[in-house]
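# A look at the structure
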There are 2 protein chains.
Amino acid sequence: MSGKVFLIGAGPGNPELMTLRALRMLQDADVVVYDRLVSDEILAMHADGARLIPVGKAPKCHTVPQDRINEILLEEARAGHTVARLKGGDPMIFGRGSEEAAYLTAHGIAVEYAPGITAAQGASCSTGVPLTHRGLATSVQYVTGHRQADKVLDLDWKRLADPDTTLVVYMGVANIGQIAIGLMTENLPGSTPVLAVGKATTPDERRLVSRLDHLAADVREADLKAPTLFIIGKVVSLYAERPVDQILEQAHG
Amino acid sequence: MSGKVFLIGAGPGNPELMTLRALRMLQDADVVVYDRLVSDEILAMHADGARLIPVGKAPKCHTVPQDRINEILLEEARAGHTVARLKGGDPMIFGRGSEEAAYLTAHGIAVEYAPGITAAQGASCSTGVPLTHRGLATSVQYVTGHRQADKVLDLDWKRLADPDTTLVVYMGVANIGQIAIGLMTENLPGSTPVLAVGKATTPDERRLVSRLDHLAADVREADLKAPTLFIIGKVVSLYAERPVDQILEQAHG
């Protein structure tokens, strides 16, 4: 008899930000297939005797190709195992969880889901910067700043350059200069505040407060690395109740 | 000595979708100030002897004004209590959590946060419809379809009518006809599939699959009520792996 696959969002990193369902599913699984962004503390919550299969993706270094990940999940489920497919953040927002689910479902394997707190939500709660706020942002949009090898970053800057929306950019470190220029070209003010958060909610969390027109230089100077996300918009002005300029001075040393 | 306030996202309704932190904070509190959208099962997890204060907001019927909610939180914290401020979804996305936090912080009260799974994430995982999917949606945007009394619904239809984005509309039931027309006027195709989910992740969850040009009629016919959210975009075509037209037939009886 076939097993099944739990598609689990592990959240942003801090184990306390897992949902009760994610924890229950992880502890019910006898095989755990996990990404690089899942923290050691979370992985350690697996059931005694469970078999761990890393398929982690690093930027520009896909250790296991997506097709092979799909096959591993299918093989393990067909062998009768209860498989936890553990991903950072939420499996249904970026991260290709729905591609894996579609593949498995097409092959007759049952898939159950546990949503996860996104890195943006984690960063919001750890910094106190909301994603919407009356008078500052009436909506929030998540985009990815990653581009495929040898392709240009093809984002619709005109739609994204909205002063009344909080823009959250995932996987944007490598292209953040191009992103800032694209937004400013479509008239998002260079003074728009930006909060960059690396490894949000973990002991290694790093924060940088900047503004759109200084962002690329500040990110380079601070040597921020992936995974870092960017929260762009007026909501960042609420950071720690202090004016942005004052924080900028600190960030600039 | 002053107490403190835990600003807690209770998630979409199913108690299993709370985070471990949300549960811990709720159980540590001796006063619980909660919204109408928080489910009874979640509320029941409070500590023995905790005092419960409902401040629930129903549409067009704010039982306790926001200013008074702020005062209650401040008074309880100043009286030395550990206060759980329990909200549906995520406190930093809509829901005015950051306004309460700003008020409390300005008055010297410590605020700690627990993020929550949004209704959109809950609906995504309960229906299998992702919020992004390669080739269907490269980004996701959350907006609110609620308008203040006596004001027109003032959304930037041109920015929102993006065929490559998943648009999630909160608080949109009352104005869904106007929203659909606004999007179609800016050339989002009338055939764009839409998933409406009421009370996502709870035993009372209701689903309606429709398309933009039939949406208002279908919502009226199904008599959907708040809280219902709308997921608008090509990702909805993945619903249950069936072609949208087939589901539409079912929805239309």
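As the structure is a prediction and not an experimental result, all values here were calculated from the model.

## A short note on the domain arrangement of chain A
Residue and element names in this part refer to chain A.
- When its domains are assigned, chain A resolves into domain 1 (4–114) and domain 2 (119–252).
- Look at where the C-alpha atoms of domain 1 and domain 2 centre, and you get two points 28 Å apart.
- Taken together, the contact pairs eight residues of domain 1 with twelve residues of domain 2.
- Roughly 740 Å² is buried in total at the junction of domain 1 and domain 2, and carbon and sulfur atoms are behind 78% of that figure.
- Our count for the domain 1 to domain 2 interface comes out at zero salt bridges.
- At the boundary of domain 1 with domain 2, the tally comes to one residue pair in polar contact (both at pLDDT 80 or more).
- Across the side of domain 1 that touches domain 2, the residue classes tally to six nonpolar, two polar and no charged.

## With respect to the interface of chain A and chain B
- With 49 residues of chain A at the contact, the number on the chain B side is 49 residues.
- In total, chain A and chain B occlude about 4,300 Å² of area from one another, counting both sides; carbon and sulfur atoms represent 56% of this.
- In this structure, the connection of chain A to chain B is made through eight salt bridges.
- The salt bridge partner of arginine 21 of chain B is glutamate 16 of chain A, with a shortest N-O separation of 3.1 Å.
- At the junction of chain A with chain B, the criterion picks out 31 residue pairs in polar contact (both at pLDDT 80 or more).
- Every element with two or more residues in the side of chain A that touches chain B is listed here: helix 1 (20–28), helix 4 (97–106), strand 7 (110–114), helix 5 (119–127), strand 8 (139–144) and helix 6 (157–160) of chain A.
- Ranked by residue count, the leading element in the side of chain A that touches chain B is strand 8 of chain A, at six residues.
- Its residues placed into classes, the side of chain A that touches chain B shows 22 nonpolar, 16 polar and eleven charged.

## Notes on the sheet that holds strand 9 (residues 165–170) of chain A
- An order of 11(A)-10(A)-12(A)-9(A)-8(A)-8(B)-9(B)-12(B)-10(B)-11(B) is seen for the ten strands of this open sheet, with the pairing classed as mixed. Of all the strands in the sheet, the pair left with one neighbour each is strand 11 (206–211) of chain A together with strand 11 (206–211) of chain B. For this sheet, the mean inter-axis angle between neighbouring strands, taken without regard to orientation, is 15°.
- Bridge count for strand 10 (residues 193–198) of chain B against strand 11 of chain B is six bridges, and the pairing is antiparallel. Residue pairing across strands places leucine 195 of chain B opposite valine 209 of chain B, the latter belonging to strand 11 of chain B.
- In the packing of helix 5 (residues 119–127) of chain B onto the sheet, contacts are made with strand 8 (139–144), strand 9 (165–170), strand 10, strand 11 and strand 12 (228–232) of chain B, and the angle to strand 12 of chain B comes to roughly 70°.
- In this fold helix 8 (residues 215–222) of chain B packs onto strand 10, strand 11 and strand 12 of chain B, with an angle of close to 155° to the strand it touches most, strand 11 of chain B.

## Considering helix 4 (residues 97–106) of chain B
Residues and elements named next belong to chain B.
- Restricting attention to buried positions, one finds in helix 4 the residues Gly97, Ser98, Glu99, Glu100, Ala101 and Leu104.
- Structurally, helix 4 contributes buried residues whose contacts are with strand 1 (4–9), helix 3 (66–78), strand 6 (82–87) and strand 7 (110–114).
- Just beyond helix 4, the residue with positive phi is glycine 108, at close to 85°.

## Things to note about unusual backbone geometry
All names here are of chain A.
- Put simply, alanine 226 and proline 227 share a cis peptide bond, and its omega is -5°.
- Mapped onto the elements of the fold, proline 227 is located in the loop between helix 8 (215–222) and strand 12 (228–232).
- A positive phi is found at arginine 96, a non-glycine position, where the angle reads about 60°.
- By secondary structure assignment, the location of arginine 96 is in the loop between strand 6 (82–87) and helix 4.
- Judged by its relative accessible area of 25%, arginine 96 is partly exposed.
- A positive phi angle is found at asparagine 187, which is not glycine, with a value near 75°.

## Regarding the relation of the copies chain A and chain B
- Screw-axis analysis of chain A against chain B gives a translation of 0.0 Å along the axis, an RMSD of 0.0 Å, and a rotation angle of 180°. Viewed as a symmetry operation, the transformation between the two copies matches a two-fold axis.
- Taken as a fraction of all interface residues of chain A, those also at the interface in chain B reach 100%, which identifies the copy contact as same-surface.

## Side note on the side chain of threonine 166 of chain B
Residues and elements named next belong to chain B.
- In this fold, threonine 166 is placed in strand 9.
- Separated by 2.7 Å, the side chain of threonine 166 and the backbone oxygen of leucine 131 make a polar contact.
- When residues no more than four places from it in sequence are discounted, the contact partners of threonine 166 are Leu131, Ala137, Ser139, Val140, Gln141, Ile231, Ile232 and Val235.

Conventions we followed
Residue numbers run consecutively from 1 along every chain, following the written order of its sequence. Here chains are named by letter from A upward and ligands by number from 1 upward, in the order in which they appear as written. Whole-chain, interface and lining totals are the exception, using all residues; otherwise, since this is a predicted model, local features are given only for residues with pLDDT of at least 70 and side-chain atom pairs are given and counted only at 80 or more. Side-chain figures throughout are based on the complete set of non-hydrogen atoms in the structure, without hydrogens or water. Note that the domain bounds reflect an automated or database-derived domain assignment. It only takes one pair of heavy atoms within 4.5 Å for two residues to be counted as in contact. What gets called buried area is simply the loss in accessible area from a 1.4 Å probe that two parts show on being joined, summed for both. Every case where a carboxyl oxygen of Asp or Glu lies within 4 Å of a side-chain nitrogen of Lys or Arg is listed as a salt bridge. Residues adjacent in sequence count toward polar contacts only when both atoms are side-chain atoms; beyond that, a polar contact is any pair of N or O atoms within 3.5 Å, and within protein one must be able to donate a hydrogen and the other to accept it. Nonpolar residues are Ala, Val, Leu, Ile, Met, Phe, Trp, Tyr, Cys and Pro. Charged residues are Asp, Glu, Lys and Arg, and all others, Gly as well, are polar. Helix and strand definitions here come from DSSP, where helices need a minimum of 4 consecutive H or I residues and strands a minimum of 2 consecutive E residues; each element is numbered from the N-terminal end. Paired strands, in this sense, are two strands between which DSSP finds at least two bridges. The convention used is that axes are lines fitted to C-alpha atoms, helices contributing only their stretch in contact, and that angles between N-to-C directions extend from 0 to 180 degrees. Buried means the residue's accessible area, taken with a 1.4 Å probe over protein chains only, is under 20% of the maximum for its type, while exposed means over 50%, and partly exposed covers the values in between. Copies are brought into register by a least-squares superposition over C-alpha atoms of residues with pLDDT of at least 70 in both.

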